[in-house]
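These are the residues of each chain, in order.
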Amino acid sequence: MAGPRNTSMQRLTFLLAAIALLAAALLGCEDAGRSGEKAVVDFRGAEQKAVHNASQRRGEQGLRVAVGAMVSPKETYRQYRELFAYVSSVLDKKLVFEQRQTYAEVNKLLAENELDLAFICSGPYALARDKGSFELLVAPRINGSARYRSYLIVAKDSDHDSLRDLEGASFAFTDPDSNTGHLVPLYWLSQLDADPETFFQKTIYTYSHDNSILAVARGLVDGAAVDSLIWDYLRQNGSDAADRTRVLRKSRPFGIPPVVVSSDMEPGLKERIEKLLLRMHTTPEGRSILDQLHIDQFIVAKESWYNPIRAMEAKLREDGIHENSATKP
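Residues numbered from 1 in each chain as written. Predicted model: local features only at pLDDT ≥ 70, side-chain atom pairs only at ≥ 80, totals over all residues. Heavy atoms only, no water.

**Q** Where do I start with the overall build of the protein in this structure?
**A** Per the secondary structure count, the protein includes 13 helices and 14 strands. Counting every position in the protein, which comprises 329 residues, the buried fraction comes to 55%. Nonlocal contacts in the protein, meaning residues at least 24 apart in sequence, comprise 80% of its contacts between residues at least 6 apart. Total accessible area on the protein stands at roughly 14300 Å², and carbon and sulfur atoms take up 48% of it. (Helix = DSSP H or I, 4+ residues; strand = E, 2+ residues; numbered from the N terminus. Buried < 20%, exposed > 50% of the residue type's maximum accessible area, 1.4 Å probe, protein only. Contact = heavy atoms within 4.5 Å. Areas by Shrake-Rupley, 256 points an atom, 1.4 Å probe, with all protein chains shown as cover.)

Put into C-alpha cells, the structure is as follows:
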C-alpha cells in the first residue's frame with residue numbers, strides 16, 4: 001500500500017498536471033506574442049470547490065483563520081488544516097477556515113476584522129498600510145532558520161545563465177503582492193536599469209509558487225521568481241516539477257512569512273495562542289503536525305526582520321517602478 005508521502009505526492013502531481021493543461025490553454029490566447037504583454041493566468045478555478053467547502057459562513061462564532069496562498073489553495077488547505085485544527089482543539093473553539101486565493105484578499109479580511117489568525121506572506125505583512133488591524137505574533141523556523149529567499153529559476157536544460165539572458169523571454173510572477181515572486185525580481189531588474197514593462201516579451205501571474213515552478217518545468221514560461229521555502233520543500237519531497245528546474249540566482253535573506261493575529265483580539269486569547277504555538281513542538285501531536293509541514297518550531301518574530309523588504313520597495317517607488325497593492329487603501 002502507498003505510504004502517506006507517496007499519496008501526498010500523487011495528489012500534488014495530479015493537481016499540477018491539471019494546472020498545466022489550464023495554463024497551456026491560457027497561454028495560447030490571441031496576440032500572445034506581443035512585446036511586453038502581460039497576462040493573468042488564473043489557476044484557481046479547479047481548486048475553488050475544495051476551498052469553498054472548507055469555508056464557513058461569515059459571522060459564525062469560532063476561530064477564523066486563513067493562509068496566504070503561497071502554494072495553490074487546495075494544497076494550502078490540505079497542509080494547514082491539521083495545524084489550525086490542533087490550535088482550535090486546544091483552545092476549544094470551532095475552526096472557521098476562510099481561505100482566499102490572493103494575498104490581497106487575505107489582507108483585506110484582516111483589515112476588516114474578519115480574521116483572528118493568519119499566515120501571511122512577508123511582502124503583504126511588511127508593506128500593508130492597514131497594519132493597525134493585525135499584529136505580528138510568531139514565525140516558523142524551518143531548517144534552522146527564520147529567513148527565506150527569492151530564487152530565480154529556469155528549466156534544468158535551459159541555456160539561460162543569468163537574469164540578463166532572460167531579456168525577451170517569458171516570465172512568471174506569482175502574486176502582485178508577493179515579496180519573493182514579484183517585488184524581488186522587479187528590484188533585480190531595476191539594478192540592470194531594465195524596464196519591467198518591456199524587458200520580458202510576456203509575463204503571467206500564477207498566484208502560487210508551486211504553479212510558477214510547474215510553469216517553468218513544463219516550458220510554459222522561460223523563467224520565474226519563487227519562494228525558496230516552496231522550491232526547497234518540493235525538491236526534498238521528490239517533486240518532478242522542481243527536479244526539472246534549476247536556480248540561477250538567490251536573493252538576500254528576508255524575514256520568513258509570519259503568523260499574525262487581529263489587533264482586536266482579546267489579550268488573554270492572544271497570549272494563549274502565542275504560548276500554544278511556541279510550545280507546539282514539545283507535544284507529540286504538535287511535533288507530528290510540524291514535521292509534516294517541515295517546520296522546526298515556532299519562535300517569537302521580530303519586526304526588524306521585515307525592514308529590508310520595506311527598503312527595497314521604497315527604492316522601487318522612488319524610481320517610479322513599483323506600487324504594491326498592499327499599500328493601497
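**Q** Sorry, what's going on with unusual backbone geometry here?
**A** The phi dihedral of Asp-193 falls on the positive side, at around 55°, and the residue is not glycine. By secondary structure assignment, the location of Asp-193 is in the loop between helix 6 (179-191) and helix 7 (196-199).

**Q** I'm lost on helix 4 (residues 103-111) in this one. Help?
**A** Within an α-helix, residues lying three or four positions from one another point in the same direction, as the helix has 3.6 residues per turn. Those residues of helix 4 that fall on the buried side of the exposure criterion are Tyr-103, Val-106, Asn-107, Leu-109 and Leu-110. End-on view of helix 4: buried residues confined to an arc of 155°, all on one side of the axis. If you follow the buried residues of helix 4, they end up packed against strand 2 (63-67), strand 4 (117-119), helix 5 (122-127), strand 5 (134-141), helix 8 (209-217) and strand 13 (259-262). Asn-113 sits one or two positions beyond helix 4 and adopts a positive phi of about 60°. (Arc of directions from axis to C-beta.)

**Q** Can you help me understand the packing of helix 8 against helix 9 (residues 228-236) in this one?
**A** Helix packing geometry: the angle between the two helix axes and the distance between the axes. Close contact between helix 8 and helix 9 brings their axes to 9 Å; oriented N to C, the two are set at 65°. Here helix 8 runs over helix 9; the crossing is right-handed. Taken together, the residues of helix 9 that come into contact with helix 8 (itself represented by His-209, Asp-210 and Ile-213) are Ile-230, Trp-231 and Leu-234. Looking at the contact of helix 8 with helix 9 residue by residue, the classes come out as four nonpolar, one polar and one charged. (Axes fitted to C-alpha atoms, helices over the stretch in contact; angles between N-to-C directions. Left-handed = near helix turned anticlockwise from the far one by under 90°. Nonpolar A, V, L, I, M, F, W, Y, C, P; charged D, E, K, R; others polar.)

**Q** Looking at this structure, I do not really get the nonpolar core. What am I missing?
**A** If you look at soluble globular proteins, the nonpolar side chains tend to sit buried side by side. Leu-83, Phe-84, Leu-117, Ile-273, Leu-277 and Phe-298 are the most contacted members of the largest nonpolar core, which totals 76 residues. Considering each element in turn, this core owes the most residues, six residues, to helix 3 (residues 73-91). Each residue touching Leu-277, except ones within four places of it in the same chain, is listed here: Val-87, Leu-137, Val-138, Val-259 and Phe-298. Tyr-151, Leu-220, Val-226 and Leu-234 belong to the second largest nonpolar core, which has 19 residues in total. (Core = buried A, V, L, I, M, F, W, Y, C linked by side-chain atoms within 4.5 Å.)

**Q** Can you walk me through the pattern of salt bridges in this structure?
**A** When the charged atoms of two side chains lie near each other, side chains of opposite charge can form a pair. A complete count under the given rule lists 13 salt bridges for this structure. Salt-bridge contacts for Glu-313 lead to Arg-317; the nearest nitrogen and oxygen are separated by 2.8 Å. With Glu-313 and Arg-317 both in helix 13 (residues 307-318), this residue pair falls four residues apart, about one helical turn. Residue class for Glu-313 comes out buried when judged on its relative accessible area of 2%. (Salt bridge = Lys/Arg side-chain N within 4 Å of Asp/Glu carboxyl O.)

From the geometry alone we can't say anything about function, so treat these as descriptive.
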